Amino acid sequence: MTVDFDLGPAAGRMAGLLEAVPADRLTAPTPCEDYRLGDLIEHIGGLALAFTAAAAKSGLPPGGPEGPSGDASRLDEDWRTLFPARLAALADAWRDPAAWEGVTRAGGVELPGDVAARVALNELVVHGWDVARSSGQPYDCGERELLACLEFVSQFAPGPGREPAPEGLFAAAVDVPADAPLIDRVVGLTGRDPSWRGNHPSRP
């Protein structure tokens, strides 16, 4: 099995966003209705561990989150340095062609390795957008990453012959013009409003 794409750019972009989150923004709302920014950040730290383990086809390492991630009260004190290191490990794990082969597990779900890689990329890209919008940071994602994410999320878009997204994966899709920017189309298909700005002065 060949490696279809490198998760390094998406993981590095996410790390930079996390490092720049203002300390006073952790209780800010996010485009994910159930998460405040601190909750989302804790979720990102958990998914980094989960998808690193998925690449290795192993269980979560000791010290990983107990129970579903997404709880700011469980944020490690040194998350600004710990989580970027986890994200770097995630990207490195998926550079091994063996990670893309066979079957693995992520989030309690069994799935092919190459599909797990696409889920991981989509998580990094879409949640990166969430963090950027919630914290008032700019967000610039590569076209190749966005096209891979669009292909992945489009399979769950409403339409003849398409399977609905697994329960809890995405909220109902938001209508976005077909000629909208790629990032808007991706986040719209995951149930996010591309015009969402939160309660801070917006930046590009």
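Provided above is the structure to which this section pertains.
Draft legend 1. Up close: unusual backbone geometry. The phi torsion at lysine 57 lies on the positive side, around 55°, for a residue other than glycine. Checked against the element boundaries, lysine 57 lands in the loop between helix H2 (37-56) and helix H3 (79-93). When its relative accessible area of 36% is taken as the criterion, lysine 57 is described as partly exposed.

Draft legend 2. Summary view of the side chain of aspartate 130. Residue position: aspartate 130 is located in helix H4 (residues 113-135). Within the structure, the side chain of aspartate 130 is placed 2.8 Å from the side chain of arginine 192, a separation counted as a polar contact. Those residues in contact with aspartate 130 that sit more than four places away from it in its chain are Pro31, Cys32, Leu40 and Arg192.

Draft legend 3. Layout of the pattern of salt bridges. By the definition in use, this model includes 7 salt bridges. As a salt-bridge pair, aspartate 114 and arginine 118 come within 4.0 Å of each other at their nearest N and O atoms. Pair noted here: aspartate 114 and arginine 118 are both in helix H4, with a separation of 4 residues, about one helical turn. Measuring nitrogen to oxygen at the nearest pair gives 2.8 Å for the salt bridge that ties arginine 192 to aspartate 130. In this pair, arginine 192 is assigned in the segment after helix H6 (182-189) and aspartate 130 in helix H4, connecting sequence segments 62 residues apart. On the basis of relative accessible area, arginine 192 is assigned to the buried category, the value being 9%.

Draft legend 4. Examining helix H1 (residues 8-19) more closely. A rise of 1.5 Å per residue sets the reference length of H1, with its 12 residues, at 16 Å; its end C-alpha atoms lie 16 Å apart and thus fit the reference within 8%. The complete set of buried residues in H1 reads Gly8, Ala10, Ala11, Arg13, Met14, Ala15, Leu17 and Leu18. Looking at the packing, one finds that the buried side of H1 touches H2, H3, H4 and helix H5 (143-154).

Draft legend 5. Summary view of the nonpolar core. If you look at the biggest cluster of nonpolar residues, it comprises 56 residues, and the most contacted ones within it are Leu18, Phe51, Leu87, Trp94, Leu124, Val125 and Val131. Those elements that place two or more of their residues in this core are H1, H2, H3, H4, H5 and H6. Sorting elements by how many residues they give to this core places H4 first, with 11 residues. Among residues more than four places away in sequence, those in contact with tryptophan 94 are Val3, Leu7, Phe51, Ala54, Ala55, Ala99, Trp100, Gly113, Ala116 and Ala117.

Draft legend 6. Expanded view of the pairing of strand S1 (residues 103-106). Here S1 shows one buried face, formed by Thr104 and Ala106, and one open face, formed by Val103 and Arg105. Pairing of S1 with strand S2 (residues 109-112), which is carried by 4 bridges, proceeds in the antiparallel orientation. Note on S2: the bridge partner recorded for threonine 104 is leucine 111. Between the end of S1 and the start of S2, which pair antiparallel, lie 2 residues, with glycine 107 showing a positive phi angle near 60°.

Draft legend 7. Molecular detail of the environment of alanine 56. One can find alanine 56 in helix H2. A relative accessible area of 53% places alanine 56 in the exposed class. When the C-alpha atoms of alanine 56 and alanine 93 are compared, they prove to be 6.9 Å apart, with 37 residues separating the residues in sequence.

Draft legend 8. Just the layout of surface pockets, in detail. Approximately 170 Å³ is the volume found for the second largest pocket. Where the lining of the second largest pocket is concerned, the elements lending two or more residues are H5 and H6. Considered class by class, the residues forming the lining of the second largest pocket number 8 nonpolar, 1 polar and 2 charged.

Draft legend 9. Fine view of the packing of aromatic side chains. Tallying each qualifying case throughout the model produces 3 aromatic pairs. Plain terms: the ring middles of phenylalanine 5 and tryptophan 100 are 5.1 Å apart, the flat faces sit at 70° to each other, and that makes the pair edge-to-face. Of this pair, phenylalanine 5 sits in the segment before H1 while tryptophan 100 sits in the loop between H3 and S1; the two residues are 95 residues apart in sequence, bridging distant segments of the chain. A ring pair is formed by tryptophan 79 and phenylalanine 83, whose centres lie 6.4 Å apart and whose planes are at 50°; its orientation type is tilted. Within this pair, tryptophan 79 and its partner phenylalanine 83 are both found in helix H3, separated by 4 residues, close to a single helical turn.

About the thresholds
Residues numbered from 1 in each chain as written. Predicted model: local features only at pLDDT ≥ 70, side-chain atom pairs only at ≥ 80, totals over all residues. Heavy atoms only, no water. Helix = DSSP H or I, 4+ residues; strand = E, 2+ residues; numbered from the N terminus. Buried < 20%, exposed > 50% of the residue type's maximum accessible area, 1.4 Å probe, protein only. Polar contact = N/O pair within 3.5 Å; in protein donor to acceptor, adjacent residues only side chain to side chain. Contact = heavy atoms within 4.5 Å. Salt bridge = Lys/Arg side-chain N within 4 Å of Asp/Glu carboxyl O. Expected span 1.5 Å × (residues − 1). Core = buried A, V, L, I, M, F, W, Y, C linked by side-chain atoms within 4.5 Å. Pairing = 2+ DSSP bridges. 1 Å grid on protein atoms, 1.4 Å probe; cavity = no way out; pocket = protein on both sides within 12 Å on 5 of 7 lines; lining within 4 Å. Points joined across faces, edges and corners; volume = space filled by probe spheres on them. Nonpolar A, V, L, I, M, F, W, Y, C, P; charged D, E, K, R; others polar. Phe/Tyr/Trp six-rings, centres within 6.5 Å; stacked < 30°, edge-to-face > 60°.

As far as function goes, none of this settles anything; it's purely spatial.
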